[in-house]
Amino acid sequence: FPPQFEPIPCKPLFFDIANNYVEFPSLDHRMEQKKSGGIGG
Amino acid sequence: MANSSADSSSLDQLFAQLKRFADEGDYNKADPVIKKILKEAPQDKDALLCRLCSLIQQGKYDNALTFIKSKRDLLSGVDLTFQESYCYYRLHKTKTALELLQSQANPNDKCKELLAQVLYRLENYKECITVYRNLIKNSQDDFENERETNLAAACALLSIHDRNLREDT
């Protein structure tokens, strides 16, 4: 003791790509409704 | 105070506001608007989905999972497998995420992307590499560099893993 130092490989870079797919639903159809004056009720 | 016609017009305004923040990707500003919408229309599917996304983007994965469970009936017909497994993945309940993703007959690309990350974290590099090769072949988007990087990481760790196995035996 102490143990000998030895080289170890570094942790490779790894991206969380799935995070980019956590997105709001398309809200376009809510806008069209507004343009057409909405549905009377 | 507000009558029903005022409700629908203010709802339209709120959605217009929300869309602006959504397009800008500003989740902090979007969140109060979503809450206002849900106060007026607690069962609005779009608003519920926005709320779920906002919870995940704020890192509130436990809350997001509770939200999914409590709103499952209101969101019937909407496939939430991706959102749910992503929460488990971020909570390091990686095996639960894997089971959920593998329970699907025809996973979409989002789920395949997450599956690759789940396999990587579970140190199943061979399958991870297979999923990435397939994704790279079949996708054209802004994340090609990131995908190549992740594939390289899996390949590197697989070779280290194999070398260690050889040295151990």
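What you see is a predicted model, and the numbers here were worked out from it, not measured in a lab.

**Considerations on the overall build of chain B**
The secondary structure content of chain B amounts to nine helices and zero strands. Sequence-ordered secondary structure for chain B, helices as α and strands as β, is α-α-α-α-α-α-α-α-α. The C-alpha radius of gyration of chain B comes to 20 Å, more than 25% above the 15 Å expected for a compact globule of 169 residues. By its C-alpha atoms, chain B is 75 × 30 × 25 Å across when sized along the principal axes. In chain B, which comprises 169 residues, the proportion classed as buried is 31%. Looking at chain B alone, contacts between residues at least 24 apart form 36% of all its contacts between residues at least 6 apart.

**Regarding the nonpolar core**
Residue and element names in this part refer to chain B. The biggest cluster of nonpolar side chains holds 47 residues, and the ones touching the most others in it are Leu-18, Leu-114 and Cys-128. If you list the elements that add at least two residues to this core, you get helix H1 (4-24), helix H2 (27-40), helix H3 (45-57), helix H4 (61-71), helix H5 (81-90), helix H6 (94-102), helix H7 (109-121) and helix H8 (125-138). Here the element with the most residues in this core is H3; it accounts for eight residues. Two domains each provide a minimum of three residues to this core, namely domain 1 (1-71) and domain 2 (79-169).

**Notes on H7 of chain B**
For an α-helix, 3.6 residues make a turn, and residues three or four places apart therefore share a direction. All names here are of chain B. Between its terminal C-alpha atoms H7 stretches 19 Å, which fits the 18 Å expected from 13 residues at 1.5 Å a residue. Taking burial as the measure, the 13 residues of H7 include ten buried ones, the bulk of the element. Those residues of H7 that are buried lie in contact with H5, H6, H8 and helix H9 (144-168). Glu-123 sits one or two residues past H7 and shows a positive phi near 65°.

**Observations concerning the environment of Tyr-88 of chain B**
Residues and elements named next belong to chain B. Here Tyr-88 is to be found in helix H5. Tyr-88 gets classed as buried once you count the C-beta atoms within 10 Å, which come to 21. Taking the C-alpha atoms as reference points, Tyr-88 and Asp-62, 26 residues apart in sequence, are found 8.6 Å from one another. Setting aside residues no more than four positions away along its own chain, Tyr-88 makes contact with Lys-93, Thr-96, Ala-97 and Leu-100.

**Brief notes about the packing of H6 of chain B against H7 of chain B**
Residue and element names in this part refer to chain B. For the pair H6 and H7, interaxial distance at closest approach is 10 Å and the crossing angle is 140°. The handedness of the crossing between H6 and H7 comes out as left-handed. Along the contact surface, H6 presents Thr-94, Ala-97, Leu-98 and Leu-101, while H7 presents Cys-111, Leu-114, Leu-115, Val-118 and Arg-121. Its residues assigned to classes, the contact of H6 with H7 shows seven nonpolar, one polar and one charged.

**Digging into the interface of chain A and chain B**
Taken together, the 19 residues of chain A in the interface contact 31 residues of chain B. By residue class, the composition of the side of chain A that touches chain B is 13 nonpolar, two polar and four charged.

**Concerning unusual backbone geometry**
Of the consecutive residues Phe-1 of chain A and Pro-2 of chain A, the connecting peptide bond is found in the cis state with omega at -5°. Within the fold, Pro-2 of chain A resides in the segment before helix H1 (28-35). Of note, His-92 of chain B is a non-glycine position whose phi angle comes to about 60°, a positive value. Relative to the elements of secondary structure, His-92 of chain B occurs in the loop between H5 and H6.

**Focus on the domain arrangement of chain B**
Accessible area lost during the coming together of the parts is what is often quoted as the interface size. Residue and element names in this part refer to chain B. If you check the domain split of chain B, you get domain 1 (1-71) and domain 2 (79-169). Placing the centre of domain 1 and that of domain 2 at their C-alpha centroids yields a distance of 31 Å. Facing the six residues of domain 1 at the interface are seven residues of domain 2. Mapped onto the side of domain 1 that touches domain 2, the elements with two or more residues apiece are H3 and H4. The element that contributes the greatest number of residues to the side of domain 1 that touches domain 2 is H4, accounting for four residues. Along the lines of polarity and charge, the residues of the side of domain 1 that touches domain 2 split into six nonpolar, no polar and no charged.

Cut-offs used in this document
Residues numbered from 1 in each chain as written. Chains lettered and ligands numbered in written order. Predicted model: local features only at pLDDT ≥ 70, side-chain atom pairs only at ≥ 80, totals over all residues. Helix = DSSP H or I, 4+ residues; strand = E, 2+ residues; numbered from the N terminus. Rg over C-alpha atoms; globule rule 2.2 N^0.38 Å. Buried ≥ 20, exposed ≤ 12 C-beta atoms within 10 Å, placed from the backbone. Contact = placed C-beta atoms within 7 Å. Core = buried A, V, L, I, M, F, W, Y, C linked by C-beta atoms within 7 Å. Domains from an automatic or database assignment. Expected span 1.5 Å × (residues − 1). Axes fitted to C-alpha atoms, helices over the stretch in contact; angles between N-to-C directions. Left-handed = near helix turned anticlockwise from the far one by under 90°. Nonpolar A, V, L, I, M, F, W, Y, C, P; charged D, E, K, R; others polar.

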